[in-house]
Every structure is written in C-alpha cells, then in structure tokens.
Amino acid sequence: MNLKDPTLLKTSCLVGGEWTSSADSRTIPVNDPADGLEVATVPRLDIGTVRKAIDAAHAAFPAWRARPAKERSAILRRWFELVVANADDLAQILTAEQGKPLAEARGEIISNAAYLEWFAEEAKRVYGDVIPSSGSSSRIVVLKQPVGVCAAITPWNFPNGMITRKAGPALAAGCTLVLKPASKTPLSALALAELAQRAGVPPGVFSVVTGDASAIGMEFSHNPKIAKITFTGSTEVGRWLLKEMADGVKRASMELGGNAPFIVFDDADVDAAVEGAMISKFRNAGQTCVCANRIYVQAGIQDRFAEKLVAKVRELKIGRGTEPGVQQGPLIDMKAVEKMEEHIRDAQEQGAEVVVGGQRHALGSSFFEPTVMRGVTQGMKVTHEETFAPLAALIRFETEAEVIGMANDTDVGLAAYFFSRDLARVWRVAEAIEAGIVGVNSGLIANEMAPFGGVKQSGMGREGSKYGIEDYLEIKYVCMAGI
Ligand SMILES: NC(=O)c1ccc[n+]([C@@H]2O[C@H](COP(=O)([O-])OP(=O)(O)OC[C@H]3O[C@@H](n4cnc5c(N)ncnc54)[C@H](O)[C@@H]3O)[C@@H](O)[C@H]2O)c1
Ligand SMILES: O=C[C@H](O)CS(=O)(=O)O
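Residues numbered from 1 in each chain as written. Chains lettered and ligands numbered in written order. Predicted model: local features only at pLDDT ≥ 70, side-chain atom pairs only at ≥ 80, totals over all residues. Heavy atoms only, no water.

(A) Layout of the UniProt feature "active site" (unreviewed entry) in the protein. Per the UniProt record, "active site" (unreviewed entry) is found at Glu-255. Assignment of secondary structure puts Glu-255 in strand 11 (residues 251-255). Overall, Glu-255 belongs to the buried group, its relative accessible area being 5%. Leave out the neighbours within four places in its chain, and Glu-255 touches Phe-231, Thr-232, Gly-233, Leu-414, Phe-452, Gly-453, Gly-454, Ser-458, Gly-461, Arg-462 and Glu-463. (UniProt positions renumbered as here; feature names shortened; annotations may be inferred. Helix = DSSP H or I, 4+ residues; strand = E, 2+ residues; numbered from the N terminus. Buried < 20%, exposed > 50% of the residue type's maximum accessible area, 1.4 Å probe, protein only. Contact = heavy atoms within 4.5 Å.)

Right under this line is the structure:
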C-alpha cells in the first residue's frame, strides 16, 4: 500500500477511546486474497477487553443521548467529510484485505459514506407526537428515545460500507456502538474508527473490537448492557444470534442472506437487461447479498440475451484489485472457490452446460473465471443456495405465472430484479415477488435514501432511508393527565 496517511492503517482496537492490543499479545493475521500474503495483524482480544468496550459504551451513553441532536449531527457530518477526504487511502486498505478492484472499493466507500451524511441530517428529525386525548384534562404524548448500547457484527464483503450503514443511524439516534467486523477484513473498520475519533466522536461512543467471532457474539448476546444487536451476514449466523439473544429479549436488526431472482421478460429492453445482469451478477466478483443468483429468461429472447451476456462476460478483465482497469478480483478464499465449483458441478451433472468460464483462473489463488451456464433448471443447487461467486445461471421460462412461482420458491427474500416494459406487468410482478427490495429495469439498487432489507429468512429491519433510524429508537407513550 502507498498511503498518503499511513496512520489510517491501524493494527490495534479502539476500546473506550484508547487504541488497545490484546492482553496476551495474541493476534489475527489479515491476508490479501489475491496472493494469501499477510497485510497486517489485529488483536485477538480477550473477552475482558471486549467487556471494557461494552462498559465504556454504557458509561458514554447518558451524555451522548443527552447531547443536542444538532451536535451529534455535526460530528456525523464531519466524520462523513473525513471519510470522503481519505477515500483513496481507505480504498487501498479495503482492496488489500478484501481483493475487490480499487475502483469498486472507492465506490463502496463513497456510496456508503453517504449513510453518515444522510443520518447526520436525520438526527435532527427524530420527532414524537402529541395525540388528541379523549378527555380534556389529559394529553397523549409520544416520545422517541435511543435504544441504548448497541452491538454490531459485520461481514467481509463490504468491509467499509456495512459499518457506516450501522454507525450512522445508531449514533444519530443517540445510541452508542461496539462493532466486531469480520476477522478477514477488520482494517477498514479500524480506519473508520480512527476517522471517527478525528471527527470528534467521544470516547466509548464507537468502539471496534476484533477477536474470536463466536466468543464475542456470545458476549454481545448475553451481556445485559447490550440493548440491541445489529447483524449483517449469513442467515445461519443470524439465526444463531437470534436464539442466543432471545434470553435477554434484545432488539435485533438482521441483514441476512439472499438468493435474488433476475427475470427478463420477452418485452424487455435486452441491452438494458444485459447491462443490469452484468452489474447485479458480477459486482464484487458475485459476492454481494443482492447479486442475481438465478437468471430467468423468457423463451422468446433467451438466445439473444444469452449471446449478448456471454459477449460482455468475455470482455471482463480479471486480476489483482490494484491493477488499473481490473473489473473482477479474487474470491475471498478457497472455500468460496469450492462452493462455486460445487454449484457448477451439480448443474452439469443434471444437464446444464457451461457456455463461458467454469474453471479456476490461470492467476491461481482464489481467482475464478466469470461463468455463464445455460440449461439450468429449478431445483439445482444454484437455484436455492446463495452461490456468492461469479456464476450466471440461465433458466428458461414460458409464462409470468411460472416464473413468479420459481422466483418465490425460496426461504429468503432480500432482492429481486426484473426487466419489462409492460406497465401492467411491472405492477403485477413488483407486487407478487417476495423480496424486500425489487429492482425494475435496474441491476443496481442500493442507496442511502431507500430502505434496504429483506423478508422471510433474509432478515428484519431496514438500513438507510427515513425508516433506518427507527431501528435504533424506542417509542414511549406518556399519558399527561391532571391538566
Ligand atoms: N443483507 C445484507 O445487507 C447483507 C450484506 C452483506 C452480506 N450479507 C450476507 O453475509 C454473508 C456473507 O458474509 P460472511 O461470510 O461474512 O457471513 P458470516 O455470517 O459468516 O459472518 C458475518 C459476521 O459474523 C461473524 N460470525 C461468524 N460466525 C459467528 C458466530 N458464531 N457468532 C458471532 N459472529 C459470527 C463473522 O466474523 C462476521 O463478522 C452472505 O450470506 C451475504 O448474503 C448480507
Ligand atoms: O452485500 C451487501 C451489500 O448490501 C450490497 S449493496 O452495496 O447494498 O448493493
């Protein structure tokens, strides 16, 4: 890395405003997925130090919640400005630990810094109500107050963005936050913590701890000082956390796994559909929660769509994320490579064919060729498991009713996409599809102004939009009588 500000590369944790290492000096290596080489190490914190972060958050909560919203807003705004000003360094750190192309890393940082900007504004608009009472001597008053000390656990695929989406609303609402980032990609979180300190976030209001995921998850789930857990990651881990936190009836926001259907109807703009499929499927090497996991193409245009898509896939430049012009980096690890190979093999064994790609890339390590398969049918693993890799599985369909049935045939429901220029069909399909987010004639849908989240086993709660701050607020009804 060639950082303008090398102090952004933090190798210790922020605990109650102090940069802290583990008591026994144990560390966790952070490796570059492109070559497996160590980039840095971070502390494998003992639970005692994690508890110190929670205690500091608990101690800081009263003053932070009492701080005027305008002051909290100004600090969040300053944090936003510092993230944007340091985006190039943050992008280098992100690519070093996660592998995505620098341009994508910078895009993640800028588009998700916007959640700090957005919630800096929302902080000043947490309104309550005065409701007309049935009696003249009383008033019904509704207050909105911060939930309290929150814990956050985030995934490796968006090491920067998943953090600002949580810290923004939490701090805007007056909550304090202890974050455990993914062990594979903690450096982005630690750099954000450094910038939070520079922005004036007080000690204890935002801490970042690294260490044993399940041990920290247990502490978050059972420590009585934690009022809420906000988790982004797999449905499996989210389910486990919900079970563990049930004892304390903690509040939960869950941003979990997906299995997005991508539907192209005969009446679609085929070029637009191909463009949408490319960004929805191959962004972050297919490692996003809203990636098109199944691509349903109506019979009338399947050949034309497949031909255009394959041509675009063949043009993709694969390489290290630091190389200019690279559009797809490595997968996060060999486990991800093996899962992609399992989905390809399973589909081939049942009659599907690889049209382009299908093999590990000549670059070695966890690089994999972007792949298109045809002849995929409902019931193959790729149609009901999240591939989380650059595999475009094309499935032919005949009717609208048939494809809605297939699209909804999953226990998750995060994102869905479809391309059609028939207005009546757009309304029918948008209302019938079981997903929290629906992209109509677009493959890129996330932004800070819109509510992001899933239905069914893709989770609960929303991040972004005017709805996002509600997850960090409690409603209090005050009956004001004797007037
Ligand atoms: N819905 C969304 O907004 C969204 C966004 C990004 C990723 N995801 C999902 O996340 C998954 C990929 O991310 P991942 O591989 O990091 O997921 P993961 O569930 O394996 O890990 C997510 C986080 O949980 C931690 N973790 C793992 N096991 C744990 C345990 N037993 N107790 C406590 N914490 C534990 C990890 O260290 C990491 O910080 C995919 O399923 C993807 O769809 C969802
Ligand atoms: O994978 C998780 C992200 O939420 C994808 S997006 O940046 O919101 O599209």
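(B) Just the pairing of strand 13 (residues 292-298), in detail. Extensive coverage of strand 13 is indicated by the burial of seven of its seven residues. Bridge count for strand 12 (residues 260-264) against strand 13 is five bridges, and the pairing is parallel. Residue pairing in the sheet places Ala-260 in a bridge with Ala-292 of strand 13. Sheet analysis places strand 13 next to strand 16 (residues 391-397), joined by four bridges and oriented parallel. Across the sheet, the residue bridging to Ile-295 is Leu-394, located in strand 16. (Pairing = 2+ DSSP bridges.)

(C) Here's a closer look at the nonpolar core. Residues Trp-79, Val-83, Leu-171 and Phe-206 are the most contacted members of the largest nonpolar core, which totals 57 residues. Among the elements that take part in this core, helix 6 (residues 187-199) stands out by supplying nine residues, more than any other. Apart from residues lying up to four places away in sequence, Val-83 is in contact with Leu-90, Ile-109, Ala-113, Leu-116, Leu-192 and Leu-195. (Core = buried A, V, L, I, M, F, W, Y, C linked by side-chain atoms within 4.5 Å.)

(D) Examining the site of ligand 2 more closely. By nearness alone, every residue bordering ligand 2 is listed as Asn-157, Phe-158, Met-162, Arg-165, Arg-283, Thr-288, Cys-289, Val-290, Ala-446 and Phe-452. With respect to ligand 2, the side chain of Arg-283 contributes an N or O atom lying 2.6 Å from an oxygen atom. Considering ligand 2 on its own, with 280 Å² of exposed area, one finds that the protein chains cover 95% of that surface. In terms of residue class, the shell around ligand 2 is built from six nonpolar, two polar and two charged. (Near = heavy atom within 4 Å. Polar contact = N/O pair within 3.5 Å; in protein donor to acceptor, adjacent residues only side chain to side chain. Areas by Shrake-Rupley, 256 points an atom, 1.4 Å probe, with all protein chains shown as cover. Nonpolar A, V, L, I, M, F, W, Y, C, P; charged D, E, K, R; others polar.)

(E) How the structure looks around the sheet that holds strand 18 (residues 415-419). Overall, mixed pairing links the seven strands, which are arranged 14-15-16-13-12-18-19 in an open sheet. A strand with exactly one partner marks an edge of an open sheet, and here the two such strands are strand 14 (353-356) and strand 19 (437-440). Between one strand and the next, the sheet's axes are offset by a mean angle of 25°, whatever the strand orientation. Lying on the sheet, helix 11 (residues 334-349) is in contact with strand 14, strand 15 (371-374) and strand 16; it crosses strand 15 at an angle near 20°. Contacts between helix 14 (residues 423-432) and the sheet are confined to strand 13, strand 18 and strand 19, with strand 18 contributing the most and set at about 165° to the helix. (Axes fitted to C-alpha atoms, helices over the stretch in contact; angles between N-to-C directions.)

(F) Inspection of the packing of helix 2 (residues 69-85) against helix 5 (residues 161-173) at higher detail. In the contact formed by helix 2 and helix 5, the axes pass within 9 Å of each other and the chain directions differ by 160°. In this view, helix 2 runs roughly antiparallel relative to helix 5, as classed from their interaxial angle. As helix 2 packs across helix 5, the resulting crossing turns out to be right-handed. Across the interface between the two elements, Arg-72, Leu-76 and Trp-79 of helix 2 pack against Ala-167, Gly-168, Leu-171, Ala-172 and Ala-173 of helix 5. Broken down by class, the residue content of the contact of helix 2 with helix 5 amounts to six nonpolar, one polar and one charged. (Parallel < 35°, antiparallel > 145°, perpendicular 65-115°, else oblique. Left-handed = near helix turned anticlockwise from the far one by under 90°.)

(G) Examining the sheet that holds strand 5 (residues 129-131) more closely. Here we have three strands laid out as an open sheet, ordered 5-6-22, and antiparallel in their pairing. A strand with exactly one partner marks an edge of an open sheet, and here the two such strands are strand 5 and strand 22 (473-480). Along the sheet, successive strands turn relative to each other by an average axial angle of 20°, direction set aside. Here strand 5 pairs with strand 6 (residues 139-146) via three bridges, running antiparallel. Among the inter-strand pairings, Asp-129 is bridged to a residue of strand 6, identified as Val-142.

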